[in-house]
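# Observations on the three-dimensional arrangement
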Amino acid sequence: MKNVLPLLLIYLFTLSMSFAQKAADKEEWVSIFNGKNLDGWDIKIAGRPLNDNYQNTFRVEKGILRVAYDQYKTFDFKYGHIYYKKPYSYYRVRFQYRFLGNQTPGGDSWNVRNSGIMLHSQSAESLSLNQTFPVSLEMQLLGGLGKGERHTGNLCTPGTQVFIGNSLRPEHCTDSDSKTYDGDQWVTAEAIVMGDSIVHHLINGETVLTYQRPQVGGGFVSKDHDWDAGRFSANAGKHWVSQANTPLGSGYLALQAESHPIDFKNIEVLELKGCMNPKALNYKSYYVKADNTKCRYKK
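Only a predicted model underlies this, so the values are computations on that prediction, with no experimental measurement involved.

Analysis parameters
Residues numbered from 1 in each chain as written. Predicted model: local features only at pLDDT ≥ 70, side-chain atom pairs only at ≥ 80, totals over all residues. Heavy atoms only, no water. Helix = DSSP H or I, 4+ residues; strand = E, 2+ residues; numbered from the N terminus. Buried < 20%, exposed > 50% of the residue type's maximum accessible area, 1.4 Å probe, protein only. Contact = heavy atoms within 4.5 Å. Areas by Shrake-Rupley, 256 points an atom, 1.4 Å probe, with all protein chains shown as cover. Lys, Arg positive; Asp, Glu negative; His and termini not counted. Charge placed at Lys NZ, Arg CZ, Asp CG, Glu CD. Arc of directions from axis to C-beta. Disulfide = S-S within 2.5 Å. Core = buried A, V, L, I, M, F, W, Y, C linked by side-chain atoms within 4.5 Å. Salt bridge = Lys/Arg side-chain N within 4 Å of Asp/Glu carboxyl O. Pairing = 2+ DSSP bridges.

## Focus on the overall build of the protein
Counting secondary structure elements, the protein contains 2 helices and 19 strands. For the protein, the residues scored as buried account for 48% of the 299 residues in total. Put simply, of all contacts in the protein between residues at least 6 apart along the chain, 68% involve residues at least 24 apart. When the accessible area of the protein is evaluated, it comes to approximately 15,000 Å², of which 52% is carbon and sulfur surface. Across the protein, the 34 positively charged side chains and the 29 negatively charged ones have centroids separated by 9 Å.

See the structure below:
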């Protein structure tokens, strides 16, 4: 019996450590869309006040977050976005999307089967009344047109700029190397965002674009499409000019409404910033950025 007890204690300790390691390794994805309503999200449509859901553009049907235009007569420059309430810095976000039907009359030709998710975005309440797009990194989503290549998971940079390798990329949009997805099929998209260091875009599990060192800067779109063209207020434009070349390491998530109907579902976020003390109850082995103020310990 004297020999059995130490072995039993060693076994129980090893078992306890194994359970703790499994808990630390288990990814805790959080659904930020509840499939029932738009609780936790803010809406901002160009020319409309905050949370004025003009013509029921954003709606929930059968567990799907829909961007719909059946109550519009014409698009009339009503660029819109729906913003999740919480900012993030180090995280993964994944979701599924599909384009449907035809573009709304009055939409720009380049917005056929065109939408996106904004990463590190300014908040909904900070937009100017008539502003078209938030300062952000846009993971652009494009649907195929039934002929030729049309990549998705691209990057567009309203009010921002990035590096690819060691080179600053001055162009507003950068193509990914994804496949083309025609028709109304569901596509899985994911972004892995590491603060102001590096961002990866994934489509159906494959990395299609990587860029580094996101910053405010580069004008709004280009020298020919400046802050005034983006319909920023004078004070807002001056503010963003004053922030040029500063790192962009955090912000909000926002889904676009750009005149073509699109559905989103299964929108989830995995935090990559949190407690990195292995002695804490909520330690996670996959965190890449420490915030030990969030650590919880046994009493």
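## Some details on helix α2 (residues 234-242)
Looking only at α2, the buried set comprises A236, G237 and W240. Each buried residue of α2 sits inside an arc of 100° when the element is viewed along its axis, so together they form one side. Pointing more than 90 degrees away from the buried face of α2 are the exposed residues A234, N235, K238, V241 and S242. Looking at the buried side of α2, the elements it contacts are β15 (206-216).

## Focus: the state of the cysteines
Defined simply, a disulfide is a covalent bond joining two cysteines at their sulfur atoms. Counted by the stated rule, this structure contains 2 disulfides. The disulfide partner of C156 is C173, and the gap between their sulfur atoms is 2.0 Å. Linking C156 and C173, the disulfide has an S-S dihedral of approximately 110° and is accordingly described as right-handed. Residue C156 is found in strand β9 (residues 154-156), and its partner C173 is found in strand β12 (residues 173-174); the two are separated by 17 residues along the sequence. The side chain of C275 participates in a disulfide bridge whose partner is C295; the two sulfur atoms lie 2.0 Å from each other. As the torsion about the S-S bond is roughly 95°, the C275-C295 disulfide counts as right-handed. Of this pair, C275 sits in the loop between β18 (273-274) and β19 (289-290) while C295 is found in the segment after β19, placing the two residues 20 residues apart along the sequence.

## Observations concerning the nonpolar core
By size, the foremost hydrophobic cluster in this structure holds 54 residues, and its most contacted members are F58, Y97, L119, L253 and F264. Core analysis: the next-biggest nonpolar cluster, separate from the first, contains 9 residues, I192, M194, L272 and Y287 among them.

## Brief notes about the pattern of salt bridges
Inspection of every chain in the model, using the stated rule, returns 14 salt bridges. A salt bridge links D263 to R66; its shortest N-O distance comes to 2.8 Å. Of this pair, D263 sits in strand β17 (residues 262-271) while R66 sits in strand β4 (residues 64-67), and the two are 197 residues apart along the sequence. The exposure classification of D263 matches that of R66, with both residues buried.

## Considering the sheet that holds strand β16 (residues 252-257)
Judged by pairing direction, the sheet is antiparallel, and its 7 strands sit side by side in the order β2-β5-β16-β7-β8-β9-β12 without closing on themselves. If you trace the sheet from one side to the other, it starts and ends with β2 (41-45) and β12, each paired once.

## Brief notes about the pairing of β16
Counted residue by residue, β16 has 6 buried out of 6 residues, so it is predominantly covered. Both faces of β16 are covered, namely the face carrying Y252, A254 and Q256 and the face carrying L253, L255 and A257. Both strand β5 (residues 80-84) and β16 contribute to a ladder of 4 bridges, which runs antiparallel. Counted as the bridge partner of I82 is L255 from β16. With 3 bridges connecting them, strand β7 (residues 114-121) and β16 associate as antiparallel partners.

## Observations concerning unusual backbone geometry
Backbone geometry places N51, a non-glycine residue, at a positive phi of 65°. Checked against the element boundaries, N51 lands in the loop between β2 and β3 (58-61). Since its relative accessible area comes to 42%, N51 is described here as partly exposed. A positive phi angle, near 55°, is found at N266, a position not held by glycine. Along the polypeptide, N266 turns up in strand β17.

## Some details on the environment of K22
When you line up the elements, K22 lands in helix α1 (residues 4-25). K22 gets classed as exposed once you look at its relative accessible area, which sits at 57%. The sequence separation of K22 and K284 amounts to 262 residues, and the corresponding C-alpha distance is 9.7 Å.

Fair warning: the whole summary comes from geometry, so function is off the table for now.
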